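Each chain, written out:
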Amino acid sequence: QVQLAESGGGLVQAGGSLRLSCLASGRTISTYNVGWFRQAPGKEREFVARISWSGGVTHYANSVQGRFTISRDNAKNTVYLQMNSLKPEDTAVYYCAANNRLFTTVQAMSARTNYDYWGQGTQVTVSS
């Protein structure tokens, strides 16, 4: 129904920047939210940021607030994650995810289990 493909990961030094892209295809008209999650080695997959597809309302995890920016280009069916001031602890596989549910709470939009479609992930490595 919805397919997601991440790109833009790579190796960057601490303090540097990367921009991740998530291209959505399929039944994107039914997509209400697109989120970014990340999973570091030995850790649970955690919420990073989300954006509502139509309104562009954003929310961020405290750990990335002020450093990361999520945005979308509806015409291109693409969501971006601009990552600035990267830290070694940002090293993880980054996944984009989407769903067709309306979120009304921070808890709901931050929960991994509330997203129905996932990309394959892109590796981000921040060296020190």
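Residues numbered from 1 in each chain as written. Predicted model: local features only at pLDDT ≥ 70, side-chain atom pairs only at ≥ 80, totals over all residues. Heavy atoms only, no water.

**Student:** How would you summarise the nonpolar core if you had to cite specific residues and measurements?
**Tutor:** One finds Trp36, Leu81, Met83 and Tyr94 to be the most contacted residues of the largest nonpolar core, which totals 37 residues. With 5 residues, the single largest contributor to this core is strand β9 (residues 92–99). Discounting chain neighbours no more than four positions away, the residues touching Leu81 are Leu18, Arg19, Leu20, Trp36, Val48, Ala49, Phe68, Thr69, Ile70 and Tyr94. (Core = buried A, V, L, I, M, F, W, Y, C linked by side-chain atoms within 4.5 Å. Buried < 20%, exposed > 50% of the residue type's maximum accessible area, 1.4 Å probe, protein only. Helix = DSSP H or I, 4+ residues; strand = E, 2+ residues; numbered from the N terminus. Contact = heavy atoms within 4.5 Å.)

**Student:** Residue-level account of unusual backbone geometry, with values.
**Tutor:** A positive phi is found at Asn77, a non-glycine position, where the angle reads about 55 degrees. Following the sequence through the fold, Asn77 ends up in the loop between β7 (68–73) and β8 (78–83). With a phi angle near 50 degrees, Ser85 is a residue other than glycine that sits in the positive phi range. As for its placement among the helices and strands, Ser85 is situated in the loop between β8 and β9. You can call Ser85 partly exposed: its relative accessible area is 41%.

**Student:** Please set out the state of the cysteines residue by residue, giving values where relevant.
**Tutor:** Inspection of every chain in the model, using the stated rule, returns 1 disulfide. In this model, Cys22 is linked to Cys96 through a disulfide, with the two sulfur atoms separated by 2.1 Å. Because the torsion about its S-S bond is 70 degrees, the bridge between Cys22 and Cys96 counts as right-handed. Taken as a pair, Cys22 in strand β3 (residues 18–26) and Cys96 in strand β9 lie far apart in primary sequence, 74 residues in all. Here Cys22 and Cys96 have matching classes, each one buried. (Disulfide = S-S within 2.5 Å.)

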